[in-house]
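Given next are the chains, with one letter for each unit.
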Amino acid sequence: MDSTQTNPFDDTRYQFFALRNASGQFSIWPDFRDIPTGWKVMYGPEDREACLSYVETTWTDLRP
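Under an unreviewed UniProt entry, the protein chain has the name MbtH family protein and belongs to Ruegeria haliotis.

Here you go:
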């Protein structure tokens, strides 16, 4: 990672997962990090944009 990018969630060089928790909320997560407890992989690993697209098309009701 270069010095201008410190957040791995924004770094497009990584592969990501789209995750969902028990409340039906979604998140993207870098594939090199452990999946947080309570979250399930729904898509990926894939590039960041593909995971964001998956979340945008799948998570249509933002209410918890």
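Continuing now.
(A) Inspection of the pattern of salt bridges at higher detail. Overall, the coordinates contain three salt bridges when judged by the stated rule. Put simply, Arg48 and Asp10 hold a salt bridge, and the shortest N to O gap is 3.4 Å. Placement of the pair is Arg48 in helix H1 (residues 48-58) and Asp10 in the segment before strand S1 (15-21), with a sequence separation of 38 residues. With its nearest N and O atoms 3.6 Å apart, the salt bridge here joins Arg48 to Glu49. What you see here is one network of salt bridges that share partners, running through Asp10, Arg48 and Glu49.

(B) View of the packing of aromatic side chains. What the rule picks out here adds up to five aromatic pairs. Considering the side-chain rings of Tyr14 and Phe32, the 4.7 Å spacing of their centres and the 50° angle between planes classify their relative orientation as tilted. Of this pair, Tyr14 sits in the segment before S1 while Phe32 sits in the loop between strand S2 (26-30) and strand S3 (39-47); the two residues are 18 residues apart in sequence, bridging distant segments of the chain. On the basis of relative accessibility, which here comes to 22%, the residue Tyr14 falls in the partly exposed class. Chaining the aromatic ring pairs together yields one cluster made of Phe26, Tyr43, Tyr54 and Trp59.

(C) Spotlight on the nonpolar core. Within the largest apolar cluster, seven residues are counted, these being Phe16, Ala18, Phe26, Ile28, Cys51, Tyr54 and Val55. Among the elements of the structure, S1, S2 and H1 are those that each provide at least two residues to this core. Counting residues per element, this core draws most heavily on H1, which supplies three residues. Sequence-distant contacts of Phe26, defined by excluding residues within four places in its chain, comprise Leu19, Arg20, Trp39, Met42, Tyr54, Val55, Thr58 and Trp59.

Thresholds applied
Residues numbered from 1 in each chain as written. Predicted model: local features only at pLDDT ≥ 70, side-chain atom pairs only at ≥ 80, totals over all residues. Heavy atoms only, no water. Salt bridge = Lys/Arg side-chain N within 4 Å of Asp/Glu carboxyl O. Helix = DSSP H or I, 4+ residues; strand = E, 2+ residues; numbered from the N terminus. Phe/Tyr/Trp six-rings, centres within 6.5 Å; stacked < 30°, edge-to-face > 60°. Buried < 20%, exposed > 50% of the residue type's maximum accessible area, 1.4 Å probe, protein only. Core = buried A, V, L, I, M, F, W, Y, C linked by side-chain atoms within 4.5 Å. Contact = heavy atoms within 4.5 Å.

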